[in-house]
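Close look at the chain arrangement
For reference, the chains in residue letters:
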Amino acid sequence: MSKQYETVIGLEIHVELATKTKIFCSCSTEFGGKPNTHTCPVCTGMPGSLPVLNKQVVEYAIAVGLATNCEITQYCKFDRKNYFYPDNPQNYQISQLYLPICRNGGIEIDTPSGKKTIGIREIHMEEDAGKLIHDEWEECSLVDFNRSGVPLIEIVSKPDMRSAEEVIAYVDKLRLIIQYLGASDCKLQEGSMRVDVNLSVRELGSKEFGTRTEMKNLNSYKAIARAIEAEKNRQIELLEEGKEVIQETRRWDDNKETSYSMRSKEDAHDYRYFPEPDLVPIVISDEWIENIRKRQPELREEKLKRYKEQFNIPDYDAKILTSSKKIADIFEATTAICNKPKKVSNWLMGETMRLMKEEGIEAEELSFSPENLAKLIELVEEGAINNSVAKEVFEIIFKEDIDPKKYVEEKGLKIVKDEGLLIKTIKEVIEENPKSVEDYRGGKKKAIGFLVGQTMKKMKGKADPSMINKILKELL
Amino acid sequence: MSQVISDELMEYIANLAKLELSEKEKEQAKKDMERMLSYIDKLNELDTEGIEPLSHIFSVNNVFREDVVTNGDDSENILSNAPERKDEAFKVPKTVE
Ligand SMILES: [Zn+2]
């Protein structure tokens, strides 16, 4: 490659809002119901039905706008975006083109070369489409409208990003803001947050933008990073060969690590927007905005600071604990019960993270209760169980959220406090392992570890290792 | 100034609307649209300087619903509207992305 290129990236991010009902009807937004059980004439586009706006959608959109430093459009409207697709029963999507609810914002990200602001052009409200399932047995597709009408906000950035690292820093920051606001759970895997990447390349130093493509179907940070790398290289290669980049929508296939053109979307770009006649304008007063601003929950930066000050948690640990709202929630709820922030932090940063990695689950999917973690911490503190038993019990709490007190009782895992029994067992161990005893007495102090282990084994793990250590030293 | 709808434009608009028109229908549609455009031209003669565009004729705003689920499972009724149905879903011709 003789020339130097620069990658220019802007993102369009769709976020499903955490409302109980859909944007224009009182159907449930619950995920995973039987097909078409959360539908009504409005969200299936029946003639004569009329949409009525869910107030909570407007409130969430304003809250996200405020947290991302946007101006709120105090007189805003919906528009119709017209296109035909089987997942869109009205043959139009109710969206916002002319007066989106938020405009001209931006958030700061950390990059290796310092802080950088990524601009947000606009945030608009719209409805989600239904879901198409491709039938395996017949030449047909099946439509489930449960998702049709689920509220979305689309956050459109300015083309301010220059690398995959910047993109991920921006997405992660945005995701945390929205999660902390409670406006969405933002799960990339399940599609409650969908990131579309608009990317073009240009010669370094050029002021003109190159032709951009839009990449869809990016379900993880890894996929986003890989897709950006691949698309950048594909475009540079075309330019180097003297060919042109075609403006198109492409779909990323993460298994094949390649993308392909979605031709079906090609001539659908003339959406013939017009003002939505079935919905009246929204007027947002200063009072309403202030009210939402006042109710804004503690965001990540504030939480980070508070954890360090109030709980004396080191910076690194506090960053990890606040890296997901779910983890921060568990941390706070557990600490409120047992009042041992350092211990709670250790369990979350150690065993919880380890098991999450092992099971391949995201923080949002954690299902154990703070009550049970607090009980486990208390059991260890009381000296009722030792650390290795605690780890075993935690695995079961992690998976099945059992009550550790009951479990330890039922399985007889409590430390045996009977000193007589312990001394008797240790004497047996000493007798059975003359070699180690000799080593220890001869100065090999490490040999005691083996003897402790043997005693622990005989006690089936139900002993306090420091107590074994003490008695052993006395007896030797 | 009256506009003329070209054959290409007619074809394009029909395609966007997913309509298959016969030659006769196309000619008729062209005439209708030309009439509509000349009516718009007539409206454009008015001086609308400084007047905000109006999308609703009622001076009503902020009509909201509270976020409470009141609709239950009405899938049998909803699915009875399906031109074709398979199990619990609407059945449509195969679509590939
Ligand atoms: Zn509905």
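Given the structure is predicted, the values throughout are model-derived calculations rather than measurements.

Right, let's get into the packing of aromatic side chains. Residues and elements named next belong to chain A. Scanning the model with the defined rule gives 12 aromatic pairs over all chains in all. Members of the aromatic cluster, joined through ring pairs, are Trp347, Phe368, Phe394 and Phe398. Sitting over the face of the ring of Trp288, Lys55 holds its NZ or CZ atom 5.6 Å from the ring centroid. Between Lys445 and the ring centre of Tyr440, over which it is positioned, the NZ or CZ distance is 4.5 Å.

A word on the coordination of the zinc ion. All names here are of chain A. The protein atoms that coordinate the zinc ion are Cys25 (SG), Cys27 (SG), Cys40 (SG) and Cys43 (SG), at distances of 2.3 to 2.4 Å. One way to put it: the four donor atoms around the zinc ion meet at angles of 100 to 114 degrees, and that makes the site tetrahedral. In the primary sequence, the donor residues of the zinc ion line up as C-x1-C-x12-C-x2-C. Placement of the pair is Cys27 in the loop between strand 1 (5–16) and strand 2 (53–54) and Cys40 in the loop between strand 1 and strand 2, with a sequence separation of 13 residues. Residue classification places Cys27 among the buried positions, given a relative accessible area of 1%.

All names here are of chain A. The two faces of strand 15 (residues 258–261) differ: Ser259 and Ser261 on one face are buried, but Thr258 and Tyr260 on the other face are not. Summarising the sheet, strand 14 (residues 249–253) and strand 15 pair through four bridges and their orientation is antiparallel. Along strand 15, the bridge assignment pairs Asp253 with Thr258. The hairpin formed by strand 14 and strand 15 contains four residues between the paired strands, and Glu257 there has a positive phi angle of roughly 50 degrees.

Residue and element names in this part refer to chain A. Mapped onto the elements of the fold, Glu364 is located in the loop between helix 8 (341–359) and helix 9 (370–381). On the basis of relative accessibility, which here comes to 16%, the residue Glu364 falls in the buried class. Reaching out from Glu364, the side chain makes a polar contact with the side chain of Arg175 at a distance of 3.5 Å. Side chain to side chain, Glu364 and Gln179 meet in a polar contact 2.9 Å long. With residues up to four places along the chain from it excluded, the contact list for Glu364 reads Arg175, Gln179, Asp185, Lys187, Ser324 and Lys326.

Moving on, we come to unusual backbone geometry. All names here are of chain A. With a phi angle near 60 degrees, Asn69 is a residue other than glycine that sits in the positive phi range. Mapped onto the secondary structure, Asn69 falls in the loop between helix 1 (55–67) and strand 3 (71–72). On the basis of relative accessible area, Asn69 is assigned to the exposed category, the value being 52%. The phi angle at Glu257 is positive, at roughly 50 degrees, despite the residue not being glycine. With respect to the helices, strands and loops of the structure, Glu257 is situated in the loop between strand 14 and strand 15.

What counts and what doesn't
- Residues numbered from 1 in each chain as written.
- Chains lettered and ligands numbered in written order.
- Predicted model: local features only at pLDDT ≥ 70, side-chain atom pairs only at ≥ 80, totals over all residues.
- Heavy atoms only, no water.
- Phe/Tyr/Trp six-rings, centres within 6.5 Å; stacked < 30°, edge-to-face > 60°.
- Lys NZ or Arg CZ within 6 Å of the ring centre and 35° of its normal.
- Donors = N, O, S within 2.8 Å, 3.2 Å for Na, K, Ca; no water.
- Tetrahedral: all angles 85-135°; square planar, octahedral: opposite > 155°, others 65-115°.
- Helix = DSSP H or I, 4+ residues; strand = E, 2+ residues; numbered from the N terminus.
- Buried < 20%, exposed > 50% of the residue type's maximum accessible area, 1.4 Å probe, protein only.
- Pairing = 2+ DSSP bridges.
- Polar contact = N/O pair within 3.5 Å; in protein donor to acceptor, adjacent residues only side chain to side chain.
- Contact = heavy atoms within 4.5 Å.

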